[in-house]
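Examining the three-dimensional arrangement
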Amino acid sequence: MNQKNITWHEGKVQKADRQHLNGHKSALLWFTGLSGSGKSTISVEVERKLHELGHHTYRLDGDNIRHGLNGDLAFSEEDRTENIRRIGEVSKLFVDAGIITLAAFISPYKKDRAFARSLLPDGEFIEIYIQASIETCASRDPKGLYKKVKKGELKNFSGIDSPYEIPQSPEIVIDTENQRIDESVLQIVNYLKNKGFI
Ligand SMILES: Nc1ncnc2c1ncn2[C@@H]1O[C@H](COP(=O)(O)OS(=O)(=O)O)[C@@H](OP(=O)(O)O)[C@H]1O
Ligand SMILES: Nc1ncnc2c1ncn2[C@@H]1O[C@H](COP(=O)(O)OP(=O)(O)O)[C@@H](O)[C@H]1O
């Protein structure tokens with residue numbers, strides 16, 4: 001990487017100006033959890049609720065981003081790290097644009113989530129652990145991936161033969177085995193209200 005001859009060029013409209021125009025603050029809601037835990041389901045519903053409330057949002061989702069921007073990456077540790085590095089950087093731009101950003105990625109490694117957190121000012125990275133046991137995820141199996149793992153057709157699967165490091169101090173924990181989807185949405189929206197983001 002060579003940043004020697006590159007100079008930062010300041011604009012005349014700042015993040016705070018964009019937030020002021022929007023009428024709310026921006027933040028990054030980072031959903032992490034096993035495949036099938038409910039990251040997509042819950043982030044989609046949170047975005048819909050925030051949109052209904054009149055807030056500016058954008059959602060980045062593992063399956064979708066891997067079709068485009070990160071289509072060159074697979075599931076080795078290095079590729080997952082690069083995946084999360086790029087998403088962290090992209091999310092930072094969205095938050096700078098004044099948008100409430102929702103990122104739903106397995107993001108299995110603590111160090112990668114810590115990197116994404118480090119890109120934003122204190123408080124603006126909100127880690128949401130979407131919790132469900134591997135047995136529950138495998139029984140939901142919304143995409144038939146656990147079945148493929150069982151048949152030996154899919155390797156390096158998070159929580160099976162590839163690690164998932166549980167978050168130690170996430171801002172929010174969602175227990176999808178005991179909470180309904182609407183309760184989880186309310187919990188997250190209330191967090192944003194209580195912290196003064198919306
Ligand atoms: N080996 C392996 N392990 C885990 N997941 C796999 C794998 N192969 C494909 N998939 C599908 O890819 C989705 C996860 O992509 P992510 O970008 O979120 O993964 S990561 O954060 O880089 O670990 C994941 O989506 P979710 O089920 O929504 O989590 C799967 O649909
Ligand atoms: N309480 C719950 N919260 C979230 N999802 C749930 C819940 N109960 C069952 N599900 C189901 O679990 C599956 C989760 O899949 P998905 O959202 O794609 O997970 P992920 O994005 O983490 O892979 C969906 O089929 C969803 O309907």
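What you see as residue numbers is a count from 1 along each chain, following the sequence as written. Think of it this way: whatever chain is written first is A, whatever ligand is written first is 1, and the rest follow in order. Side-chain atom pairs in this predicted model are given and counted only at pLDDT of 80 or more, local residue features only at pLDDT of at least 70, and totals for whole chains, interfaces and linings cover all residues. Each side-chain value is worked out from all heavy atoms of the structure, with water and hydrogens disregarded.

Comments concerning the overall build of the chain
For clarity, the cut-off: Only runs of H or I of at least four residues qualify as helices and only runs of E of at least two qualify as strands under DSSP, and these elements are numbered from the N terminus. Each residue is assigned to one of three classes by its accessible area relative to the maximum for its type, calculated with a 1.4 Å probe on protein chains only: buried under 20%, partly exposed between the two thresholds, exposed over 50%. Here a residue-residue contact requires only that any non-hydrogen atoms of the pair lie within 4.5 Å. Accessible areas in this description were obtained via Shrake-Rupley with a 1.4 Å probe; residue shielding takes into account the shown protein chains only. For this count, His and the chain ends are skipped, Lys and Arg are scored as positive, and Asp and Glu as negative. The atoms used to mark charge sites are NZ of Lys, CZ of Arg, CG of Asp and CD of Glu.
When its secondary structure is counted, the chain shows eight helices and five strands. Taken from N to C terminus, the helices and strands of the chain fall in the order α-β-α-β-α-α-β-α-β-α-α-β-α. Along the first, second and third principal axes, the C-alpha set of the chain runs to 55 × 45 × 30 Å. Classification of the 198 residues of the chain by burial places 43% in the buried group. For the chain, the share of sequence-separated contacts (at least 6 apart) that also reach a separation of at least 24 residues comes to 75%. Total accessible area computed for the chain in this model is approximately 11200 Å², and 52% of it derives from carbon and sulfur atoms. Between the mean site of the 28 positive side-chain charges and the mean site of the 28 negative ones, the chain shows a separation of 1 Å.

Focus: helix H5 (residues 110-118)
Short version of the rule: Note: the arc covers the axis-to-C-beta directions of the helix.
The complete set of buried residues in H5 reads Asp112, Arg113 and Ala116. Down the axis of H5, the sector holding all buried residues measures 100°, keeping them to one side. Looking at the packing, one finds that the buried side of H5 touches strand E1 (28-32), helix H4 (77-96) and strand E4 (125-131).

Some words on the confidence of the model for the chain
Selection rule: pLDDT expresses, on a scale from 0 to 100, how confident the predictor is about each individual residue.
Averaged over every residue, the pLDDT of the chain is 97; the share at 70 or more is 99%. Averaged over each element, pLDDT in the chain is lowest for helix H3 (residues 62-65) (86) and highest for E4 (99). Among the scores for the predicted complex, ipTM is 0.99 and pTM is 0.98.

What about the site of ligand 2?
Rule in force here: Near residues are defined by distance, with any heavy atom within 4 Å of the molecule or strand qualifying the residue. Polar contacts, as counted here, are pairs of nitrogen or oxygen atoms within 3.5 Å of one another; within protein the pair requires one atom able to donate a hydrogen and one able to accept it, and residues that are adjacent in sequence qualify only if both atoms are side-chain atoms. Gly counts as polar in this scheme, as do all residues outside two lists: the nonpolar Ala, Val, Leu, Ile, Met, Phe, Trp, Tyr, Cys and Pro, and the charged Asp, Glu, Lys and Arg.
Gly36, Lys39, Ser40, Thr41 and Gln179 are the nearest of the 14 residues found near ligand 2. In the model, an oxygen atom of ligand 2 is placed 2.4 Å from a nitrogen or oxygen of the Thr41 side chain. Measuring from a nitrogen atom of ligand 2, one finds a backbone N or O atom of Gln179 at 2.8 Å. Look at ligand 2: alone it shows 570 Å² of surface, and the protein chains cover 76% of it. Tallying contributions element by element places helix H2 (residues 39-52) first for the shell around ligand 2, with four residues. The residue makeup of the shell around ligand 2, split by class, is four nonpolar, eight polar and two charged.

Description of the pairing of E1
Residues in a regular strand point their side chains to alternate faces of the sheet. We apply this condition: Here, a strand pair is defined by DSSP locating no fewer than two bridges between the strands.
Judged by how many residues are buried, E1 sits mostly within the fold: five of five residues are covered. Taking every second residue as pointing to the same face, both faces of E1 are buried, with Leu28, Trp30 and Thr32 on one and Leu29 and Phe31 on the other. Of the pairings in the sheet, the one linking E1 to strand E3 (residues 100-104) comprises four bridges and is parallel in character. Of the residues in E3, the one forming a bridge with Leu29 is Leu102.

Topic: the sheet that holds E4
As a reminder, the rule being used: Every axis in this analysis is a line fitted to C-alpha atoms, fitted for helices over the stretch in contact. Angles between the N-to-C directions lie between 0 and 180 degrees.
Read across the sheet, five strands follow the order E2-E3-E1-E4-E5 without closing on themselves; strand pairing throughout is parallel. Strands with a single pairing partner mark the edges of an open sheet, and in this sheet they are strand E2 (57-61) and strand E5 (172-175). On average, each strand axis in the sheet is inclined to that of its neighbour by 20°, with strand direction left out of account. Examined bridge by bridge, E1 and E4 share five bridges and lie parallel to one another. Of the residues in E4, the one forming a bridge with Thr32 is Tyr129. Here H5 sits on the sheet and contacts E1 and E4; the angle it forms with E4, its principal contact strand, is near 150°. The strands touched by helix H8 (residues 181-194) are E1, E4 and E5; relative to E5, the strand with the most contacts, the crossing angle is about 170°.

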